[in-house]
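Summary of the model geometry
These are the residues of each chain, in order.
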Number of protein chains: 2
Amino acid sequence: MTSIHDLARETGVSTATVSRALRGLPRVSPDTRERVLDAAVRLGYTPSPHAVGLASGGRTRTIAIVVLWVTRWYFSTVVHGAESLLRERGYDVLLYNIGGDAEARRRVLLTQLLTKRADAVMVVGFTPTPEEVLWLGRHDVPAVTLGARVDEWPSVRIDDENVARVAVEHLVALGHRRIAYVGQLSDDGLDLATPRDRLHGYRESLRAAGVDPEESLEFDGGFTLDGGREAGRRLLQLRERPTAVFCASDEMAYGVLRSCLEAGVDVPREMSVIGVDGHDMAGFFDLTTVEQPVEQQGRAAARHLLQRLDPDDGEVGLVEHVEVPTRLVVRGTTGPACA
Amino acid sequence: MTSIHDLARETGVSTATVSRALRGLPRVSPDTRERVLDAAVRLGYTPSPHAVGLASGGRTRTIAIVVLWVTRWYFSTVVHGAESLLRERGYDVLLYNIGGDAEARRRVLLTQLLTKRADAVMVVGFTPTPEEVLWLGRHDVPAVTLGARVDEWPSVRIDDENVARVAVEHLVALGHRRIAYVGQLSDDGLDLATPRDRLHGYRESLRAAGVDPEESLEFDGGFTLDGGREAGRRLLQLRERPTAVFCASDEMAYGVLRSCLEAGVDVPREMSVIGVDGHDMAGFFDLTTVEQPVEQQGRAAARHLLQRLDPDDGEVGLVEHVEVPTRLVVRGTTGPACA
DNA sequence: CTGAAAGCGCTTACAG
DNA sequence: CTGAAAGCGCTTACAG
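Residues numbered from 1 in each chain as written. Chains lettered and ligands numbered in written order. Predicted model: local features only at pLDDT ≥ 70, side-chain atom pairs only at ≥ 80, totals over all residues.

- If you look chain A up in an unreviewed UniProt entry, it shows as LacI family DNA-binding transcriptional regulator from Nocardioides acrostichi.

Set out below in structure tokens:
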């Protein structure tokens, strides 16, 4: 492990000068700088992050990404987008995959550990509690949320209510009036904004279309494939069957499509199905959906943090709430309502 | 940030004693220990990982996981399995998602950075080069591979040749003789063992069944859904159409299923399709497949590293190559060959 | 059982 | 432009 001392000895200057030369600080003669840089390359020098961190008050060039379930498309795609940008800029990513476990979440977010191991935190998919916001704020850890929002932190997300509105309006425009919802109705205390907002948007836009939302048309699909399939089964057994379903995620929509297939219900002639996400396989299933740019959201959130950490000259430190645009992609699973 | 000095002052002992008490080291009176521990809790003390790392020769309680594509099922599932165990044991996970980029891979694996930031490395899905093996070995970084193998490191994987054999034998037993392969034929220099071994196993087991492998029946599906779909299209246009396809991944199999559907080819009556993986959606597609336990492989690899890092008493340091068992799951996409 | 002191590899005022 | 020295928060022989 070659250290700064080796470079100092090799080049005949002090370690202070080596340090300055290495980091491109001013007040080093071009000649000295060059000799140091050259030695660094020759001896294969890399700074010890521990020493740097200790000496310079804790900067680690590491960013923590806290997700709920890495194995789910939205989360892994966010991680993919964020990680690539961060690595490009010389930051490493600490991944915390806390699942539905509230205890794990507390440990990760409320522990001093996090504040000492990462320069910043990206919270993906859930709303941090006031306590968590306060804690990280007090420890000066810049944070950003993705797919959720608190006033104190910048956020990157889509307008979930609007997404629901776009989906429902598409169905209404096709003549549907009896429109079911498959989403998530209970939460296990995780306080997920997305399912709540999409449900709300669904109800509101039904009302706007002059239709009274009925609770009997709202199903819990748990945001999973199998949950969607099960919800689809129940929905198809309704005495007064709806003619369309708005699914709050594409994966649940796949499940609903499957249950239609199994029940011999023709899509879209007898049942229109629309999802949300623009999931990998939406094209594959020929699913009409409202697409959101997930990888870009990951990158945008990363960019936010990078700006907070290494502010460029004129940069002002506003708390920005970015809502990225979504896009209705009409495919084969939605069609006109038959009388 | 309360430090070890605060605790020393608070309890009236030296920092050396505080350090020993905190870490459960012997030669501390029970009374002292208790007072220190108590103060630590009261003052909300957490050690600075930087200081610990620097002082104790670099241990970071961090493990690097290097994957090719986090967004793909196999990789995210491995990460999920490994991370949960590691976090339980107090280790953090640094995630490197290098994609197909050979340059990124070199930077990540061959840089001193990695050796200084992580106590160990888990390489997922590709074979490290001799140079990489040498480098990490020289820097004393314990490593393990997943889904690949080098002699110098322990590994956790399935027997990919055998997986292919099991799949092909299942088809042969159903009377199929003309069996196509959809996998990956070229590699972009990444040197991925999995596609190569599965292809090899496919050819060998055909030969064992007295069938000569034909290159015209081997298709490149790039291990993606769309690649599989495209391969399926081409395969169905063959003048002498095969009666079965062995797909080296479930996702490619979904693609093939889709192309059968589009071409009006009945599965399994006119075409049997079998995959590999036990992917999330295999049941959904009613796909016959050879399942591998991916989450468990992630956990097993993590366990290996933990053992290397904190060897229990009698533990011997053998380089273990673990092959986890796979399981043929017969569903609806394979059936008897019709004459 | 406990403490004084050196050291881990850097950064950062402070002099010069 | 450069260097000597202190300090970041711990751990670790070495004495006692």
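Now that the structure is up, let's keep going.
**Overview of the interface of chain A and chain B**
- The interface is formed by 30 residues belonging to chain A together with 31 residues belonging to chain B.
- Those elements that provide at least two residues to the side of chain A that touches chain B are α4 (49-55), α5 (73-88), β2 (92-97) and α7 (112-117) of chain A.
- Looking at which element gives the most residues to the side of chain A that touches chain B, the answer is α5(A), with six residues.
- Split into classes, the residues belonging to the side of chain A that touches chain B amount to twelve nonpolar, 13 polar and five charged. (Contact = placed C-beta atoms within 7 Å. Helix = DSSP H or I, 4+ residues; strand = E, 2+ residues; numbered from the N terminus. Nonpolar A, V, L, I, M, F, W, Y, C, P; charged D, E, K, R; others polar.)

**Re the domain arrangement of chain A**
- The domain boundaries assigned to chain A delineate domain 1 (4-47), domain 2 (62-158 + 295-323) and domain 3 (160-291).
- On a C-alpha basis, the centres of domain 1 of chain A and domain 3 of chain A stand 62 Å from each other. (Domains from an automatic or database assignment.)

**Things to note about the environment of A:Asp140**
- Residue placement: A:Asp140 occurs in the loop between α8 (130-138) and β4 (143-146).
- When the C-alpha positions of A:Asp140 and A:Asp119 are compared, they lie 9.0 Å apart, and in sequence the two are 21 residues distant.

**A look at the nonpolar core**
- Residues A:Ile65, A:Val66, A:Met122, B:Ile65, B:Val66 and B:Met122 are the most contacted members of the largest nonpolar core, which totals 84 residues.
- When near neighbours in sequence (up to four residues on either side) are disregarded, B:Ile65 contacts B:Val79, B:Ala82, B:Val93, B:Leu95, B:Met122 and B:Val124. (Core = buried A, V, L, I, M, F, W, Y, C linked by C-beta atoms within 7 Å. Buried ≥ 20, exposed ≤ 12 C-beta atoms within 10 Å, placed from the backbone.)

**Comments concerning the protein's contact with DNA strand D**
- Close to DNA strand D lie 26 residues; A:Ala16, B:Ile4, B:Ala16, B:Ser19 and B:Ala55 are nearest.
- Elements with a minimum of two residues in the surface near DNA strand D: α2 (15-22) and α4 of chain A together with α2 (15-22) and α4 (49-55) of chain B. (Near = placed C-beta within 6 Å.)

**Digging into the UniProt feature "domain: HTH lacI-type" (unreviewed entry) in chain A**
- As annotated by UniProt and renumbered to match this structure, "domain: HTH lacI-type" (unreviewed entry) occupies residues 2-56 of chain A.
- Secondary structure within residues 2-56 of chain A divides into 67% helix and 0% strand; the distance between the first and last C-alpha atoms comes to 20 Å. (UniProt positions renumbered as here; feature names shortened; annotations may be inferred.)

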